[in-house]
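Next come the chains, spelled out residue by residue.
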Amino acid sequence: MKTIVGIRIKKPGKVYYFDPGKYRYKVGDFVIVETSLGEEYAEVVIPNKEISEDKIVAQLKPIKRKATEKDKKHYEENKRKEKEAFGIAIKNIKKHKLDMNLVDVEYKFDNSKILFYFTADGRIDFRELVKDLAAIFKTRIELRQIGIRDEIKRIGGNGICGRELCCCSHLANFETVSIKMAKEQNLSLTPSKISGSCGRLMCCLKYEQEVYEEKLKRLPKVGAIVKTEEGEGIVENVETLKEIVKVKIEDKDSIKHKRFPIDKIKIIKDVETEEDDEVEDSDLKELEKLEELDKQDMNN
């Protein structure tokens, strides 16, 4: 067994595992760690925990130390300087007439580098801009072009559900989202209803998809013939998450529409494909465009 501690450098962001050594850390502690990009000020999100060594895929780096009050003040000072650097960078971008949108500025904790994140349509020749910024800040300068999803993640905001955006609260990595996911989750195929603040298909479609796929394996499709305790009928609607199906049952005298849990029906004949709701050509083209842009974002 090996003892690990989970830390997060940015919120939201990926959780990294480090070796706590002989010290114990609790959630909310701040520590200094050494990464491939230099020293970082990070927050403990998983306290000391023992795991099997075969689950560790790479050698764990040790936590350098628990952050001091001096470290905290230095971190806060860097945050203040980031705002100043943002304004200076904007002026220099205008000076060089570059068609780019500055999104964020990040000082590395040890002040070894300043990163400027921007979005742009296509490639940008920012060599002269880098020279000017290096002369002003007297340290290494790095400009990173990011995608629209990363831009919104850094800016923040709320989704149509009213909650904080997933990418700003808990989603560490972006994954490709497809129209097929929206269909299988029985969502409206209207672009405005299934696209997020970033203008791409909503991330929640992806991380909820696994649950839908698992449940859909057990459920009949709309149009399937099933046997119920009240006779045979045709499936009219499927409530995937509740695992309930609405069945139309006909006899000589009447037609009934009843809902049954999946364990109360027997599938007699399923259908190969489920009829899609009618979708406007313009909506379908817009969705296909969003899907293609999403693939491009993942490849860049």
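Details of the structure are given in the entry above.
Bear in mind the structure is a predicted one, so any value in this text is a computation, not a measurement.

Undergrad: Go over the overall build of the protein chain with me, naming the residues and quoting the values.
TA: Counting its regular elements, the protein chain contains 8 helices and 13 strands. Relative to the compact-globule value of 19 Å for 300 residues, the protein chain shows a C-alpha radius of gyration of 26 Å, a clear excess of over 25%. Per-residue burial for the protein chain yields a buried fraction of 36% across its 300 residues. For the protein chain, restricting intrachain contacts to residue pairs at least 6 apart in sequence, the fraction spanning at least 24 positions comes to 59%. For the protein chain, the accessible surface area stands at approximately 19000 Å², while carbon and sulfur atoms represent 48% of it.

Undergrad: Explain the nonpolar core to me, using residue names and the numbers behind them.
TA: Ranked by size, the top nonpolar core spans 21 residues in total, and within it Leu 189, Ile 194, Leu 201, Leu 205 and Leu 287 carry the most contacts. Of all the elements in the fold, those that place two or more residues in this core are helix 4 (166–169), helix 5 (179–184), helix 7 (204–216) and helix 8 (281–299). Other than its neighbours up to four places away in sequence, Leu 205 contacts Val 177, Met 181, Ala 182, Gln 185, Leu 187 and Ile 194. Membership of the second largest hydrophobic core comes to 17 residues, among which are Ala 85, Ala 89, Phe 116 and Phe 118.

Undergrad: Can you lay out the packing of helix 1 (residues 69–95) against helix 2 (residues 127–137) for me, pointing to particular residues and giving the numbers?
TA: The relative placement of two packed helices is expressed as an angle between their axes plus a distance between the axes. Between helix 1 and helix 2, the shortest axis-to-axis distance is 10 Å and the interhelical angle comes to 145 degrees. Both helix 1 and helix 2 take part in a crossing whose hand is right-handed. Between helix 1 and helix 2, the residues in contact are Ala 85, Ile 88, Ala 89, Asn 92, Ile 93 and Lys 95 and Leu 129, Asp 132, Leu 133, Ile 136 and Phe 137, respectively. Classifying every residue of the contact of helix 1 with helix 2 gives 8 nonpolar, 1 polar and 2 charged.

Undergrad: Which residues make up the sheet that holds strand 10 (residues 231–239), and what values go with them?
TA: What links the strands of a sheet is backbone hydrogen bonding, and the strands pair in either a parallel or an antiparallel sense. Strand order across the open sheet formed by 5 strands is 12-11-10-9-13, with antiparallel pairing between neighbours. Of all the strands in the sheet, the pair left with one neighbour each is strand 12 (255–261) and strand 13 (266–269). Neighbour-to-neighbour, the strand axes of the sheet open up by a mean angle of 40 degrees, direction not taken into account. Pairing between strand 9 (residues 225–228) and strand 13: 3 bridges, direction antiparallel. Bridging across to strand 13, Lys 227 finds its partner in Lys 266.

Undergrad: Give me the lowdown on the environment of Lys 14, citing residues and values where you can.
TA: Its location among the elements puts Lys 14 in the loop between strand 1 (2–8) and strand 2 (15–18). Lys 14 sits in the partly exposed class, given a relative accessible area of 43%. Remark: the alpha-carbon pair of Lys 14 and Leu 171, spanning 157 residues in sequence, is separated by 8.3 Å.

Undergrad: So what's going on with the state of the cysteines? Residues and values would help.
TA: For the structure on display, the rule yields 0 disulfides. Left without a disulfide partner, Cys 166 is nearest to the cysteine sulfur of Cys 204, which lies 5.4 Å away. Cys 198 takes part in no disulfide bond, and the closest cysteine sulfur to it belongs to Cys 203, at a distance of 6.1 Å. Taking relative accessible area as the criterion, Cys 198 reaches 14% and is therefore assigned buried.

Undergrad: Provide a residue-level description of the environment of Thr 228, including the pertinent values.
TA: Mapped onto the elements of the fold, Thr 228 is located in strand 9. In the structure, Thr 228 is positioned 21 residues away from Ile 249 in sequence and 9.0 Å away in space, judged by C-alpha atoms. Beyond its immediate stretch of four places on either side in the chain, Thr 228 contacts Val 247, Ile 249, Phe 260, Lys 264 and Ile 265.

Undergrad: Would you mind going over the pattern of salt bridges in detail, with residue names and values included?
TA: Under the counting rule described, the total for this entry stands at 28 salt bridges. The salt bridge involving Asp 19 is made with Lys 2; its shortest N-O contact spans 3.6 Å. Of this pair, Asp 19 sits in the loop between strand 2 and strand 3 (30–35) while Lys 2 sits in strand 1, placing them 17 residues apart in sequence. Salt-bridge contacts for Glu 243 lead to Lys 215; the nearest nitrogen and oxygen are separated by 3.2 Å. Here Glu 243, found in the loop between strand 10 and strand 11 (244–250), pairs with Lys 215, found in helix 7; they are 28 residues apart in sequence, far enough to count as distant. Residue Glu 243 is classed as buried on the basis of its relative accessible area, which comes to 15%.

Undergrad: Talk me through the environment of Leu 201; I want residue IDs and the actual numbers.
TA: Of note, Leu 201 is situated in the loop between helix 6 (191–194) and helix 7. The buried category is assigned to Leu 201, whose relative accessible area is 0%. The spatial distance from the C-alpha of Leu 201 to the C-alpha of Phe 126 is 31 Å, given a sequence separation of 75 residues. Look past the residues within four positions of Leu 201 in its chain and what remains in contact with it is Arg 149, Val 177, Ser 178, Ile 179, Ile 194, Ser 195, Leu 287, Leu 290 and Glu 291.

Cut-offs and rules
- Residues numbered from 1 in each chain as written.
- Predicted model: local features only at pLDDT ≥ 70, side-chain atom pairs only at ≥ 80, totals over all residues.
- Heavy atoms only, no water.
- Helix = DSSP H or I, 4+ residues; strand = E, 2+ residues; numbered from the N terminus.
- Rg over C-alpha atoms; globule rule 2.2 N^0.38 Å.
- Buried < 20%, exposed > 50% of the residue type's maximum accessible area, 1.4 Å probe, protein only.
- Contact = heavy atoms within 4.5 Å.
- Areas by Shrake-Rupley, 256 points an atom, 1.4 Å probe, with all protein chains shown as cover.
- Core = buried A, V, L, I, M, F, W, Y, C linked by side-chain atoms within 4.5 Å.
- Axes fitted to C-alpha atoms, helices over the stretch in contact; angles between N-to-C directions.
- Left-handed = near helix turned anticlockwise from the far one by under 90°.
- Nonpolar A, V, L, I, M, F, W, Y, C, P; charged D, E, K, R; others polar.
- Pairing = 2+ DSSP bridges.
- Disulfide = S-S within 2.5 Å.
- Salt bridge = Lys/Arg side-chain N within 4 Å of Asp/Glu carboxyl O.

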